[in-house]
Amino acid sequence: MNFLLQPDQQIGPPVKMSVKILSITLLLLSMCVCCHSSEGTRHRHPGLKPPCCVDITKGNKTADVVGETYREQAASGSCVKAIIFNTKDRKQLCADPDAQWVKDRKSC
Ligand SMILES: *[C@@H]1O[C@H](CO)[C@@H](O)[C@H](O)[C@H]1NC(C)=O
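Residues numbered from 1 in each chain as written. Predicted model: local features only at pLDDT ≥ 70, side-chain atom pairs only at ≥ 80, totals over all residues.

Applicable threshold: UniProt positions are given in the numbering used here, feature names are shortened, and annotations may be inferred rather than shown by experiment.
The name that an unreviewed UniProt entry assigns to the protein is C-C motif chemokine 3-like 1, with the source organism given as Haplochromis burtoni. The protein has a UniProt comment under Subcellular location (unreviewed entry) that states "Secreted".

Here's what the structure looks like:
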């Protein structure tokens, strides 16, 4: 039982504590770095390359489209020729310019 009072046993807990604090600090730091970097790429990405439609829907999405405005996209690189509508959930819908419902929607 005497060995419990040895000096190295007494400095044991503070060392463990600081390791814990250090790891928590590192964890928090890495979380911050993660958040910032993912936020950074999310904000930076559109600037580097404007988002464009690489695929179009041929299905009738009339019910999802909102607003009177649409955008025409020309084919270039991986972007395809498309009509871009706004949807209810503030997303952009890439539609087939030749689909009948798209033509109907454009005319109204
Ligand atoms: C698409 O659906 C809407 C209603 O959801 C309908 O009024 C319209 O006629 C449909 N268009 C085509 C081309 O099927």
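Digging into the overall build of the protein
Basically, it comes down to this: Secondary structure elements follow DSSP: runs of H or I of four or more residues count as helices, runs of E of two or more count as strands, with numbering from the N terminus. Exposure classification rests on a simple neighbour count of other C-beta atoms within 10 Å of a residue's own: a residue reaching 20 or more is buried, one at 12 or fewer is exposed, and one in between is partly exposed. C-beta atoms are placed from the backbone. By definition, residue pairs are in contact when their C-beta atoms, positioned from the backbone, come within 7 Å.
Scanning the protein from N- to C-terminus turns up three helices and three strands. When its helices and strands are written in sequence order, the protein yields α-α-β-β-β-α. Looking at the protein as a whole, 7% of its 108 residues are labelled buried. Counting contacts in the protein only where the partners sit at least 6 residues apart, residues at least 24 apart contribute 44% of the total.

A word on the pairing of strand β3 (residues 92–95)
We apply this condition: Think of it this way: DSSP has to see at least two bridges between two strands before they count as a pair.
Judged by which residues are buried, β3 turns out to be one-sided: Leu-93 and Ala-95 face inward and are buried, whereas Gln-92 and Cys-94, on the alternate face, are not. Where strand β2 (residues 82–87) and β3 come together, four bridges link them in antiparallel fashion. In the strand pairing of β3, Asn-86 is matched with Gln-92. Linking β2 to β3, which pair antiparallel, is a turn of four residues; within it Arg-90 sits at a positive phi near 60°.

Topic: the sheet that holds strand β1 (residues 65–73)
Which entries qualify depends on this criterion: Interaxial angle, 0 to 180 degrees, is taken between N-to-C directions of lines fitted to C-alpha atoms, where a helix line uses only the stretch in contact.
In spatial order, the strands read β1-β2-β3; together these three strands make up an open sheet with antiparallel pairing. The sheet is open, and its two borders are formed by β1 and β3, each paired with just one other strand. Each neighbouring strand pair of the sheet contributes to a mean axis angle of 30°, computed without reference to strand direction. Bridge analysis of β1 against β2 gives six bridges, and the strand direction is antiparallel. Within β2, the residue paired with Val-65 across the bridge is Thr-87.

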